[in-house]
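What follows is the residue order along each chain.
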Amino acid sequence: MLRHSLIKSSRALLARQRPMAMASRALSSQAARSPLNHALTHADVDADPKTLDIIDKHAKYTLTTYGRPPVVFTHGKGSYLYDVGHREYLDFTAGIAVNALGHSDPEVARILFDQAKTVVHLSNLYYNVPAGELAEQLIESTRASGDFDASKIFFSNSGTEANEGALKFARKVAKLTAKQFGQEEDNKFGVVSFVNGFHGRSMGALSATPNPKYQKPFLPLVPGFKHAPYNDIGAVDSFVTPETCAVIVEPIQGEGGINVATEAFLKKLRSRCDEVGALLIYDEIQCGLGRTGKLWAHQHFSKDCTPDILTMAKPLANGFPIGAIMITDKVAEKIAIGDHGTTFGGNPLGCAVASSVLRRINTPEFLDNVQQTGQHFKKRLESLESSLIKEVRAKGLILGLQFHVDPAPLVALARERGLLIITAANNTVRFVPALNISKAEIDQGMEILQRAIEAFEEKTLNVEA
Ligand SMILES: Cc1ncc(COP(=O)(O)O)c(C=O)c1O
């Protein structure tokens with residue numbers, strides 16, 4: 001019975017993947033007739049036969065919640081990944097803004113190994129050395145580099161969990177202080193998030209992520225969540241009301257299409273939160289930790305734009321799972337023993353790696369370099385030629401290339417030429433490479449991208465004709 005259902009699920013997955021493979025084959029044969037054929041260096045049809053066996057294993061034993069291309073990567077180095085057939089790909093995705101120091105960084109590998117020989121996990125029943133050191137480093141470097149009056153850290157295992165904890169903390173603090181604002185504690189539970197925001201897929205984080213595709217199958221969600229337009233100062237007062245306990249916002253929306261908040265918008269959120277006794281949460285999971293060329297993205301704005309809570313995750317340990325919630329004293333003093341917990345959060349292994357990653361990212365030289373390579377990347381995007389391109393949006397090494405049409409097919413067209421990219425909302429291709437990517441690597445990627453865009457144009461215009 002079990003075997004029968006496994007075989008069935010495998011066939012179902014392959015059937016679902018077949019159109020993708022067939023589409024890419026169709027694309028390849030179409031490309032074979034095209035003058036752009038010479039550029040198809042990594043065609044899906046040329047995939048190593050082992051690739052299909054590995055995909056088959058996935059089909060039998062893992063739940064299919066991701067639509068993945070028929071490629072299996074075995075290893076990486078710096079900004080490059082290699083597939084089963086030893087084909088090399090330039091990676092402009094970095095594990096979705098995670099591998100800030102690139103793949104297989106020797107120092108990260110050394111620390112993982114050394115710490116694993118010492119102690120991997122203790123649980124939060126006991127103190128450990130690396131978690132204390134990382135907490136100190138995060139707080140002190142945040143205070144030294146900007147105006148956010150951070151005071152305490154809570155470690156989690158992912159971005160979603162960091163946001164869940166942040167929402168819980170905000171609810172508790174706002175309820176306890178409601179009386180000072182002449183409000184009812186029982187009504188003080190509203191959360192405001194923003195259109196095109198992304199905060200995670202667990203019930204609280206999903207309730208703050210107003211994408212109908214993600215939310216609809218799981219309704220009803222957590223009560224009290226409202227979704228306001230991003231960067232719309234005029235709408236803030238009507239959304240953030242005396243019932244609001246938290247406003248959660250990305251200073252730069254990643255998945256939403258690389259939308260940068262305006263200073264006036266963040267200032268307005270800060271002052272409105274202060275007026276109604278709500279806490280301001282910055283989700284810097286994708287845009288923080290050096291990606292914009294400053295330690296935190298909000299540090300590009302004035303001191304009137306600081307949050308009460310900041311969440312981080314992705315690049316903190318360069319790919320080892322970790323997240324964290326950074327809070328001010330005002331929040332910390334209201335959170336008591338037993339209010340929140342985790343088995344793995346703050347484990348010595350992740351914290352030891354994160355300490356080293358943070359030490360390397362948070363130097364003036366490293367951050368200046370991110371700004372410079374970011375400017376180079378932006379210029380190269382702006383010089384791409386295509387009537388399908390609408391706009392480039394960027395801050396440091398988080399960049400978006402918006403098209404007039406859905407650029408989803410461009411992902412495969414680039415991959416089959418050896419370049420890895422991802423999309424975001426609003427017809428946007430997103431670029432979140434390793435923060436130590438070189439200008440030469442960026443140039444190499446741009447040449448591939450230009451050719452892929454030409455193929456995309458040809459394909460799009462052929463369909464339209
Ligand atoms: C801004 C933002 N918040 C939260 C998350 C969720 O983080 P995780 O996937 O680590 O749970 C993401 C992930 O893409 C994100 O980009």
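Just so it is clear, the model here is predicted, and its values are computed rather than measured. (Residues numbered from 1 in each chain as written. Predicted model: local features only at pLDDT ≥ 70, side-chain atom pairs only at ≥ 80, totals over all residues.)

### Points about the overall build of the chain
If you tally the helices and strands in the chain, you get 15 helices and 17 strands. Taken over C-alpha atoms, the radius of gyration comes to 23 Å for the chain, in line with the 23 Å a tight globule of 465 residues would show. By its C-alpha atoms, the chain is 70 × 55 × 55 Å across when sized along the principal axes. Each of the 465 residues in the chain was classed as buried or not, and the buried ones make up 47%. (Helix = DSSP H or I, 4+ residues; strand = E, 2+ residues; numbered from the N terminus. Rg over C-alpha atoms; globule rule 2.2 N^0.38 Å. Buried ≥ 20, exposed ≤ 12 C-beta atoms within 10 Å, placed from the backbone.)

### Brief notes about the sheet that holds strand S5 (residues 190-194)
If you trace the seven strands from one edge of the open sheet to the other, you get S4-S12-S11-S10-S7-S5-S6, paired in mixed fashion. Because the sheet does not close on itself, it has two edges, and the strands there are strand S4 (150-156) and strand S6 (225-228). Strand-to-strand twist across the sheet, computed as the mean angle between neighbouring axes with direction ignored, equals 20°. Of the strand pairs in this sheet, strand S11 (residues 309-312) and strand S12 (residues 323-328) are connected by four bridges, and their pairing is antiparallel. For Met 312, the partnering residue across the bridge sits in S12 and is Ala 324. Here helix H5 (residues 129-145) sits on the sheet and contacts S4 and S12; the angle it forms with S4, its principal contact strand, is near 135°. (Pairing = 2+ DSSP bridges. Axes fitted to C-alpha atoms, helices over the stretch in contact; angles between N-to-C directions. Contact = placed C-beta atoms within 7 Å.)

### So, the site of the ligand
Near the ligand lie 15 residues; those nearest to it are Ser 158, Gly 159, Thr 160, Ile 285 and Gln 286. Taken together, the residues that form the shell around the ligand break down as four nonpolar, eight polar and three charged. (Near = placed C-beta within 6 Å. Nonpolar A, V, L, I, M, F, W, Y, C, P; charged D, E, K, R; others polar.)

### Considerations on the packing of helix H4 (residues 106-118) against helix H12 (residues 348-361)
Between H4 and H12, the shortest axis-to-axis distance is 9 Å and the interhelical angle comes to 150°. By the criterion of interaxial angle, the relationship of H4 to H12 is roughly antiparallel. Considering only the axes of H4 and H12, their crossing is right-handed. In this structure, H4 contributes Glu 107, Val 108, Ile 111, Leu 112, Gln 115 and Ala 116 to the contact, and H12 contributes Pro 348, Leu 349, Ala 352, Val 353, Ser 356 and Val 357. Considering only residue class, the contact of H4 with H12 consists of nine nonpolar, two polar and one charged. (Parallel < 35°, antiparallel > 145°, perpendicular 65-115°, else oblique. Left-handed = near helix turned anticlockwise from the far one by under 90°.)

### Describing unusual backbone geometry
Leave glycine aside and you will find that most residues have negative phi; peptide bonds, for their part, are mostly trans. Following Leu 219, the chain continues into Pro 220 via a peptide bond in cis, with omega recorded as 0°. When you line up the elements, Pro 220 lands in the loop between helix H8 (212-215) and S6. Residue Ala 97 is not a glycine yet carries a positive backbone phi of 65°. Along the chain, the position of Ala 97 falls in helix H3 (residues 94-97). Unusually for a residue other than glycine, Ile 258 sits at a positive phi of about 60°. Mapping Ile 258 onto the fold places it in the loop between strand S8 (252-253) and strand S9 (259-260). Look at Ile 258 and you get buried, because 28 C-beta atoms sit within 10 Å.

### Focus: the confidence of the model for the chain
Per-chain confidence: the chain averages 92 in pLDDT, with 92% of residues scoring 70 or above. Predicted confidence for residues 1-35 stays below pLDDT 50, and this span has 29 contacts to residues more than four positions away or in other chains. (pLDDT = per-residue confidence, 0-100.)

### Quick notes on the environment of Ala 414
Inspection of the secondary structure assignment puts Ala 414 in helix H14 (residues 408-415). Measuring from C-alpha to C-alpha, the distance between Ala 414 and Gln 115 comes to 38 Å, with 299 residues separating the pair along the chain. Contact partners of Ala 414, with chain neighbours within four places excluded, come to Leu 419, Ile 421, Ile 448, Leu 449 and Ala 452.

### Observations regarding the nonpolar core
With 116 residues, the main nonpolar core has Ala 170, Ala 246, Val 247, Leu 279 and Ala 324 as its most contacted residues. With eight residues, the top contributor of residues to this core is H12. Not counting residues up to four positions away in its chain, the partners in contact with Ala 324 are Leu 138, Ile 153, Phe 154, Phe 155, Ser 156, Ala 162, Met 312 and Leu 316. (Core = buried A, V, L, I, M, F, W, Y, C linked by C-beta atoms within 7 Å.)

### Observations concerning the pairing of S11
On S11, burial covers both faces: Ile 309 and Thr 311 on one face and Leu 310 and Met 312 on the other are all buried. Pairing of strand S10 (residues 279-283) with S11, which is carried by three bridges, proceeds in the parallel orientation. Directly across from Tyr 282, in S11, lies its bridge partner Leu 310.

### Side note on the environment of Asp 283
Note on placement: Asp 283 falls in strand S10. Measuring from C-alpha to C-alpha, the distance between Asp 283 and Ala 144 comes to 20 Å, with 139 residues separating the pair along the chain. Non-local contacts of Asp 283, meaning those with residues more than four positions away in its chain, are made with Asn 163, His 199, Ile 248, Val 249, Glu 250 and Thr 311.

### Considering the sheet that holds strand S17 (residues 428-431)
Pairing is antiparallel across the open sheet formed by four strands, whose spatial order is S13-S14-S17-S16. Among the strands making up the open sheet, the edge pair consists of strand S13 (389-395) and strand S16 (422-424). Shown here is a sheet whose adjacent strand axes are inclined to one another by a mean of 30°, direction ignored. Where S13 lies against strand S14 (residues 398-403), six bridges are found, and the strand directions are antiparallel. Opposite Lys 395, over in S14, you have Ile 398 as the bridge partner. In the packing of helix H13 (residues 364-382) onto the sheet, contacts are made with S13, S14 and S17, and the angle to S13 comes to roughly 175°.

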